[in-house]
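# Observations on chain architecture
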Amino acid sequence: MLPLQLTTHPHTSSLLLSSTNTCSFCPTSRSLFNLKNNNKKKKLYLLRSTMGTLTLRVFAMSGDSAFKMNLNEYLVTLEKPLGIRFALTADGKIIVHSLTKGGNAERSRIIMVGDTLKKAGDSSQNSLVEIEDVGDTQKVLKEQTSSFSLVLERPTSPFPIQLLHKMNDLEILFNRGRVPFVTWNKTLLASNLQPSSESSGNSGFLVFNSKFLKLKGSKLLGTQNQHAITHGERHFFTEHTTQLACVFTEEACGDGDWAHGSFPLEEYIQALDRSKDEMYYNHSLGMRYSKITEQIYVGSCIQTEDDVETLSEVEGVTAILNFQSGTEAENWGINVKSINDSCQRNNILMINYPIREGDSYDMRKKLPFCVGLLLRLLRKNLRVFVTCTSGFDRSPACVIAYLHWMTDVSLHAAYTWVTGMHGCRPDRPAIAWATWDLIAMVERGKHEGPPTHAITFVWNGHEGEDVTLVGDFTGNWKEPLRAKYQGGSRHEVEVKLPQGKYYYKFIVNGEWKHSTASPAERDESGNVNNIIVIGETASVRPSVQHQQKDANIVKVIERPLNEKERFMLAKAARCIAFSVCPIRLAPK
């Protein structure tokens, strides 16, 4: 998740976003320029967008920043009143509990319920205060009079907002949160919070600490005003509000209409259900890894010198194959130099070969070389730790490809084995793509076996047109395939083909035409035909270039390989591996 720095104003929501990557939520034109600040050059990417009366100015910045944040943190500056109700959780965090409808916080379009408050103050004066408890929050809320900056952390999994909705009756009981929720026992107060002057003076208990959920804790809480909370009410609190200790707002926030999100609750619950199987990388948990074979370990990035010591002394790792880029390491606050020095002290060979995170094409092109590196390390009898940032995608993909290509097991078996041993979700289609690229290396681009790819040929013309497809693959241009109308001007026809180079054209209302949206070339007779090359050849030294734009959609077919294909795959994979320059056991 990107680190965001946003500045909003009550009338024209203007946002300032600080990030080391480009922003994807703003579909706008982009321009690049340089700015000198404190004699240090920084690159800024300017994005502008106008949506009705809402104007956004977004800057993506690289370089040193006065507010160093993790990738899951962002900074937002609001005018007061903020329109935020905060809550203290059982583990001592200050989170966003709810937002005032139409308030400054809601109009920022970035703050979400469940976000953790990390710092607060005036960012323009470099006076952000670390938030440790409720007292810190209240002090800053009171002292800051105009603009107000917050550094918030987005949780790694969705916040259970539906539980907050179940608390509506309790919120009415306790003056809709205007009175701090603490405890009946004054000796156990969470902070020095005092009831507001308009309230009845009573403070209600939810949960201050998880230890109070036990029988002994319940008795402790009931030593004063025992009559005020019944056993049934305590059970309701315990069941639905175990995460909250108290809820509070700024003094001048007003009554307003509080909301836990500007979306239907039913849709949010459905989204939670859909996200149950999603994986979230939590950097604060430290390095996490799994043993796949006696010589191969796979996991998330090395964060400290202690992690290197653990790999060396506990697991006996003697080589590290790292696919994390330098920019990623910098974003996560990883000291690459100290880790490399630690590897050298522990006689561990460190090899770094960056693969772009989330880029399926980049992984596909580089995977053969990565597997070649892994094989060379294993042939030297080294115990290898394969890593990227999260350990969810690039590193397990390399291990799966190695098992598939070098040990002659099916892709399905290799994928099931690795994902069963280590919680991950690597890009399976990218591995299948790279497999056919390797086979094409031996076949010189021409596959004689069953189909390897499914191609959706697209014609964009006019509504009501009669469209058919002809080419090398339609009975040598003699058996046209009728395209299916998809609405608007789009016509499609899907064909499964083996790797190779093919010429084709469309017959539209009886007239032969070529698509201007797809690659074309002239044949020996002077006719212009569309051309498509299915399957690329793997390279020993991959040079990843942008794919040529094509209206057609090509998808890889994953199927069991026949004996001939398995032989060609093993041959090509080993050719790549032994073309990699010899690796000396010398840490660097």
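Here the structure is a predicted model, which means the values were calculated and not measured.

Bringing the overall build of the protein chain into the picture now. When its secondary structure is counted, the protein chain shows 15 helices and 27 strands. When burial is assessed residue by residue, the protein chain has 49% of its 588 residues classed as buried. Taking the contacts inside the protein chain whose residues are at least 6 apart along the sequence as the reference set, 70% of them involve residues at least 24 apart. Approximately 29,900 Å² of the protein chain is accessible, and the part contributed by carbon and sulfur atoms is 50%.

The next point concerns the environment of valine 533. Relative to the assigned elements, valine 533 resides in strand E26 (residues 528-534). For the pair valine 533 and glycine 500, spaced 33 residues apart in sequence, the C-alpha to C-alpha distance is 5.8 Å. Apart from residues lying up to four places away in sequence, valine 533 is in contact with Gly500 and Lys501.

The next thing to look at is the packing of helix H14 (residues 428-443) against helix H15 (residues 563-579). Running from N to C, H14 and H15 point in directions that differ by 90 degrees, and their axes come no closer than 8 Å. If you check the angle between H14 and H15, you find them roughly perpendicular. Facing Thr435, Trp436, Leu438, Ile439, Met441, Val442 and Glu443 of H14, the residues of H15 in contact are Glu565, Met568, Leu569, Lys571, Ala572, Ala573, Cys575 and Ile576. For the contact of H14 with H15, the residue count by class is 11 nonpolar, one polar and three charged.

What follows concerns the pattern of salt bridges. Within the structure shown, the criterion is met by 20 salt bridges. Across the pair arginine 394 and glutamate 328 runs a salt bridge whose closest N-O atoms are separated by 2.9 Å. Pair noted here: arginine 394 is in helix H12 (residues 394-406) and glutamate 328 is in helix H9 (residues 326-331), with a separation of 66 residues, a long-range link. For the pair formed by arginine 394 and glutamate 328, the shared burial category is buried. Between glutamate 492 and arginine 490 there is a salt bridge; the shortest N-O distance is 2.5 Å. Classification of arginine 490 by relative accessible area gives partly exposed; the value is 26%.

With an omega of 0 degrees, the peptide bond running from lysine 80 to proline 81 counts as cis. Relative to the assigned elements, proline 81 resides in the loop between strand E5 (73-79) and strand E6 (84-89). One non-glycine residue with positive phi stands out, namely asparagine 347, at about 55 degrees. Mapped onto the elements, asparagine 347 comes out in the loop between helix H10 (336-345) and strand E16 (349-352). Within the chain, tryptophan 477 stands out as a residue other than glycine whose phi angle is a positive 75 degrees. Looking at where tryptophan 477 falls in the secondary structure, it is placed in the loop between strand E19 (467-471) and strand E20 (481-482). According to the relative accessible area criterion, tryptophan 477 is partly exposed, its value standing at 23%.

A few words now on the side chain of threonine 77. Structurally, threonine 77 can be placed in strand E5. For threonine 77, a relative accessible area of 9% corresponds to the buried category. At a separation of 2.9 Å, a polar atom in the side chain of threonine 77 contacts the side chain of serine 149.

The next thing to look at is the nonpolar core. Core analysis: the largest hydrophobic core is formed by 56 residues, its most contacted members being Leu374, Val384, Cys398, Tyr402 and Trp405. Looking at this core element by element, the count peaks at 10 residues for helix H11 (residues 360-379). The contacts of leucine 374, once residues within four sequence positions are left out, are Ile296, Leu321, Val384, Val386, Cys398 and Tyr402. One finds Val96, Ile111, Leu141 and Phe148 within the second-largest nonpolar core, a separate group that totals 23 residues.

Let us look at the sheet that holds strand E21 (residues 484-485). The sheet built from four strands is open, its strands ordered E21-E22-E18-E27 with antiparallel pairing. Both edges of this open sheet fall to E21 and strand E27 (553-556), since each of them pairs with a single strand only. Judged from the two bridges that link them, E21 and strand E22 (residues 490-497) form a sheet pairing that is antiparallel. Its bridge partner being in E22, tyrosine 485 is matched across the sheet by histidine 491.

Before going further, it helps to spend a moment on the confidence of the model for the protein chain. On average, residues of the protein chain carry a pLDDT of 74, and 66% of them reach 70 or more. For the protein chain, strand E2 (residues 30-37) is the element with the lowest average pLDDT, namely 30, and strand E17 (residues 384-387) is the one with the highest, namely 98. This model gives residues 1-66 a pLDDT under 50, and the stretch forms 135 contacts once residues within four places in sequence are excluded. Confidence drops under a pLDDT of 50 for residues 224-242, and excluding neighbours within four residues, the segment shows 28 contacts in the predicted structure.

Next up on the list: the packing of helix H8 (residues 305-313) against H10. Close contact between H8 and H10 brings their axes to 9 Å; oriented N to C, the two are set at 30 degrees. The orientation of H8 with respect to H10, classified from their angle, is roughly parallel. For the pair H8 and H10, the sense of crossing is right-handed. Between H8 and H10, the residues in contact are Glu305, Val308 and Glu309 and Ser338, Ile339, Ser342, Cys343 and Arg345, respectively. Split by residue class, the contact of H8 with H10 holds three nonpolar, two polar and three charged.

Looking now at H12. Between its first and last C-alpha, H12 extends 18 Å over 13 residues, near the 18 Å set by a 1.5 Å rise per residue. Across the 13 residues of H12, 13 count as buried, placing the element largely inside the fold.

Reading across from one edge, E13-E14-E17-E15-E16 is the order of the five strands in this open sheet, with mixed pairing throughout. For this open sheet the edge positions go to strand E13 (289-291) and E16, each flanked by a neighbour on one side alone. Averaged over neighbouring strand pairs, the angle between their axes works out to 20 degrees when direction is ignored. Relative to E17, strand E15 (residues 319-322) runs parallel, the two sharing four bridges. When the bridges of E17 are listed, leucine 321 appears paired with valine 386.

Reading guide: rules and limits
- Residues numbered from 1 in each chain as written.
- Predicted model: local features only at pLDDT ≥ 70, side-chain atom pairs only at ≥ 80, totals over all residues.
- Heavy atoms only, no water.
- Helix = DSSP H or I, 4+ residues; strand = E, 2+ residues; numbered from the N terminus.
- Buried < 20%, exposed > 50% of the residue type's maximum accessible area, 1.4 Å probe, protein only.
- Contact = heavy atoms within 4.5 Å.
- Areas by Shrake-Rupley, 256 points an atom, 1.4 Å probe, with all protein chains shown as cover.
- Axes fitted to C-alpha atoms, helices over the stretch in contact; angles between N-to-C directions.
- Parallel < 35°, antiparallel > 145°, perpendicular 65-115°, else oblique.
- Nonpolar A, V, L, I, M, F, W, Y, C, P; charged D, E, K, R; others polar.
- Salt bridge = Lys/Arg side-chain N within 4 Å of Asp/Glu carboxyl O.
- Polar contact = N/O pair within 3.5 Å; in protein donor to acceptor, adjacent residues only side chain to side chain.
- Core = buried A, V, L, I, M, F, W, Y, C linked by side-chain atoms within 4.5 Å.
- Pairing = 2+ DSSP bridges.
- pLDDT = per-residue confidence, 0-100.
- Left-handed = near helix turned anticlockwise from the far one by under 90°.
- Expected span 1.5 Å × (residues − 1).

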